[in-house]
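Examination of the molecular architecture
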Protein chains: 2
Amino acid sequence: MSTLLINNVLLNGSRQNVLIENNRFKRITSEPILTADEVIDGGRFAMVPPFYNGHCHAAMVLLRGFADDLPLQAWLNDSIWPMEAKLTPEDIYAGSRLAVLEMIKSGTVFFEDMYWDEQETARAVEEMGIRAAIGVSLMDRQSAAEKDRLFDRLRNYKPTDRVSYTVAPHAIYTVGTDLLLRCKKAADENGQFLNIHLAETMTEDADCRKTHNGMSPVEYMDSIGLLSPKTILAHVVHVDQHDQEILARTGAICVHNPASNMKLSSGVFKMKELQKNGCRIALGTDGASSNNNLDMLEEMKLAALLAKCYADPEAGSATDVFNMATQWGAEAFGLDAGAIEEGKLADALLLDLNNEKLVPNYHLVSNLVYSADASCIDTVICNGKVVMRGRVVPGEEDIIEQARETCRSLIARK
Amino acid sequence: MSTLLINNVLLNGSRQNVLIENNRFKRITSEPILTADEVIDGGRFAMVPPFYNGHCHAAMVLLRGFADDLPLQAWLNDSIWPMEAKLTPEDIYAGSRLAVLEMIKSGTVFFEDMYWDEQETARAVEEMGIRAAIGVSLMDRQSAAEKDRLFDRLRNYKPTDRVSYTVAPHAIYTVGTDLLLRCKKAADENGQFLNIHLAETMTEDADCRKTHNGMSPVEYMDSIGLLSPKTILAHVVHVDQHDQEILARTGAICVHNPASNMKLSSGVFKMKELQKNGCRIALGTDGASSNNNLDMLEEMKLAALLAKCYADPEAGSATDVFNMATQWGAEAFGLDAGAIEEGKLADALLLDLNNEKLVPNYHLVSNLVYSADASCIDTVICNGKVVMRGRVVPGEEDIIEQARETCRSLIARK
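Now for a look at the structure at hand. If you're wondering where the values come from, they're calculated on a predicted model, not measured in any experiment.

Under the fitted operation, chain A is carried onto chain B by 0.0 Å of movement along the axis and a turn of 180°, and the coordinates agree to an RMSD of 0.0 Å. What we have between these two chains is a two-fold relation. When C-alpha positions in chain A are compared against the rotation axis, the closest is assigned to Ser-375 of chain A, at 3.0 Å. Of the interface residues in chain A, 100% have counterparts in chain B that sit at the interface too, so the contact is made through matching surfaces.

Once that is clear, we can look at the nonpolar core. Within the largest apolar cluster, 289 residues are counted, with the highest numbers of intra-cluster contacts made by Met-47 and Ile-130 of chain A together with Met-47 of chain B. Contact partners of Met-47 of chain A, with chain neighbours within four places excluded, come to Ile-6, Val-9, Leu-10, Leu-11, Val-18, Gly-42, Ile-340, Ala-348, Leu-349 and Leu-350 of chain A.

Taken residue by residue, the interface counts 50 residues in chain A and 50 residues in chain B. Within the residue set of the side of chain A that touches chain B, elements represented by two or more residues are helix 2 (89-105), helix 9 (258-263), helix 11 (296-310), helix 14 (364-370) and helix 15 (396-412) of chain A. Classifying every residue of the side of chain A that touches chain B gives 24 nonpolar, 12 polar and 14 charged.

All names here are of chain A. With respect to topology, 8 strands assemble into an open sheet ordered 6-7-8-9-10-11-12-13, the strand pairing being parallel. At either end of the open sheet lies a strand with only one pairing partner, and these are strand 6 (51-56) and strand 13 (280-283). Neighbouring strand axes in the sheet, compared pairwise and without regard to direction, differ in orientation by 25° on average. Bridge count for strand 8 (residues 131-138) against strand 9 (residues 163-169) is 7 bridges, and the pairing is parallel. Within strand 9, the position partnered with Ile-134 by the bridge is Tyr-165. Where helix 11 meets the sheet, its contacts fall on strand 6, strand 7 (108-115), strand 12 (253-256) and strand 13, and the angle it forms with strand 13 comes to roughly 130°.

Okay, unusual backbone geometry next. Residue Asn-292 of chain A is reached from Asn-291 of chain A by a cis peptide bond, and omega for that bond is 10°. Here Asn-292 of chain A shows up in the loop between strand 13 and helix 11. One non-glycine residue, His-235 of chain B, lies in positive phi territory at about 85°. Position of His-235 of chain B relative to the elements: it lies in strand 11 (residues 231-235).

Cut-off values and rules
- Residues numbered from 1 in each chain as written.
- Chains lettered and ligands numbered in written order.
- Predicted model: local features only at pLDDT ≥ 70, side-chain atom pairs only at ≥ 80, totals over all residues.
- Least-squares fit on C-alpha atoms with pLDDT ≥ 70 in both.
- Contact = placed C-beta atoms within 7 Å.
- Core = buried A, V, L, I, M, F, W, Y, C linked by C-beta atoms within 7 Å.
- Buried ≥ 20, exposed ≤ 12 C-beta atoms within 10 Å, placed from the backbone.
- Helix = DSSP H or I, 4+ residues; strand = E, 2+ residues; numbered from the N terminus.
- Nonpolar A, V, L, I, M, F, W, Y, C, P; charged D, E, K, R; others polar.
- Pairing = 2+ DSSP bridges.
- Axes fitted to C-alpha atoms, helices over the stretch in contact; angles between N-to-C directions.

Below, the structure is given as structure tokens:
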């Protein structure tokens, strides 16, 4: 048994003492708690839940800034895909470490991932102390043998304390009905989540209607039984009233990726409408090559501003956006986390109340959503363990150097 | 004479030695420079121009997060104006110090301001070492005697090395034609810039057309001779093709405030169209109560994403947005700054190339616009002097404490 005590920390507006035992919040009280294995003086800090990133391609940080300001097809065909074709498992490991470092430094303790060589991303996550639901990516273009190998891997993966695996068909325009059904069957049999990009662009919508008897992407997915409370949908931009009713009825999770949708001119997530229709929503950064960072603080501000920009100044409230990034995200992935409460998994941030962006402090959540940047976060706790303290993550210089070397080699490689 | 040498710094893709003499760049060379009064080892840094914030209400940081997610009129009438009515000159000084601290920490060395008690904002700026063009705000509701006093002050102000003053009629819906003409005359006689909010909301546009024979805000301003290359227009959201031709012809500067426009649902700045029509553009944060920070890095990302969201992924390129925030902004205010070149005023940032958000470094400007946050900025140089080093600004704890105390007192005050 190990205990961690954060003394005298600002929590929901008053000073509290927070005791963590192993990986859960054991006691939260204004009464003194006298002893623990490790004690942090919370005097200059506020404690809030950390961020749960609902959609990411972590290792794509290796392509950060490699190709910007391009139309989607040119971006993919001429820049991203040729580079991705050169990636080795060691590269994925180096990229995942850089991504996890960036996520910790900006207060994220969980991400859902969809990329290649998922075991390398899992290795980085296990080592660095945060959580992830890591997709095994599937596409029609993979050979039959390769698909069999991937489904075997999925069947054999056992979730650990912090890492689980998901079945990740890429999108309905790269994965046909047969493979989608096989993915769904595997997810059900293995007790895994299924995650997919859906309704991201107008082109996807138009092509889907052409191919599938006029059905929208959401209608099509529903018609083949792919939507459930364990289906994670990334983007979900082009959805009408009927689509939203389906999403609400099935309990599928809609992950908003504001930076990516804006950068690639994909369209605008209908946050206010989706909420009104009772859909489950979460927030994600997408990969760094369409963002170009993995910072959920930025993503919250974008989500709040974008909701208002297209609707009215009362849409996308700071509280709703903060919930999207924290407890709604945690709940979407079945994590007993996302709130600082006795019994919950012990994930938390300590915010530096002396940071200029948090002064004055009339409304901490509003400051976090609209004003804060990563430098406001002093300490990150995940699963009861401190993974960043005083903005230092153990081994970060080595991680940066390895990532830089990987990128140099990637560019030079034929 | 004093000299400052930054050795071996990454500048425009290669390692350079940069010598500053007094307040200007004296020599930039790859040859060794052997001596200077102060030497900074640039090995882990890149040097870029700092930011020039085209529109701000600095002391409004005192109201950061005080009232969010409200419609414009409720926000102004019920929250902002009653609080502003209580502000004393000492409050404005404390708020301006906090604002300048936040700007320095996020790489801004100049701002255009429009608020009350401009002498207090000037005091903070003079003390803390950055630049500003500080507006003396005028509105019809001020008494005749008050207006006379303000115009007297304007006539008597002499610009210093870093601080100048501008004539700042608030907006066309709070300042009638007579006062606007008096402002223009004063600006011309005093050799000062004139700055005003213009074409910010649909309501302003509709009211203007009703009052002024169907003219748009830009047409009206042009019809009374208020537009010139020394006119700074904040927001400029609701402008059609004809308006844009007028703006291009007169050389007036259009300052984009993406966060504020989104947060208050004002509308979307037509960056791509304005550029195509040859209009002069710059970038600003607006005040912290409609943003809620003063961080030009965030503002650049918002400007780039917003241009793409509404147009196409090639609009709002990283380079154009970076120029808006740096040299176009400096040029707009007649500053011989905004670029790292021999002879220019010595304003610069040193970026920490080991910050995870700047790795890899395929394209530094792209990383700055899309990925960086304030923590990437190690050192800020303004007018040849170091105003932040290693992310420390002299006296920051005192500034934070004074601002916090001011806000406590403001809330308690009847």
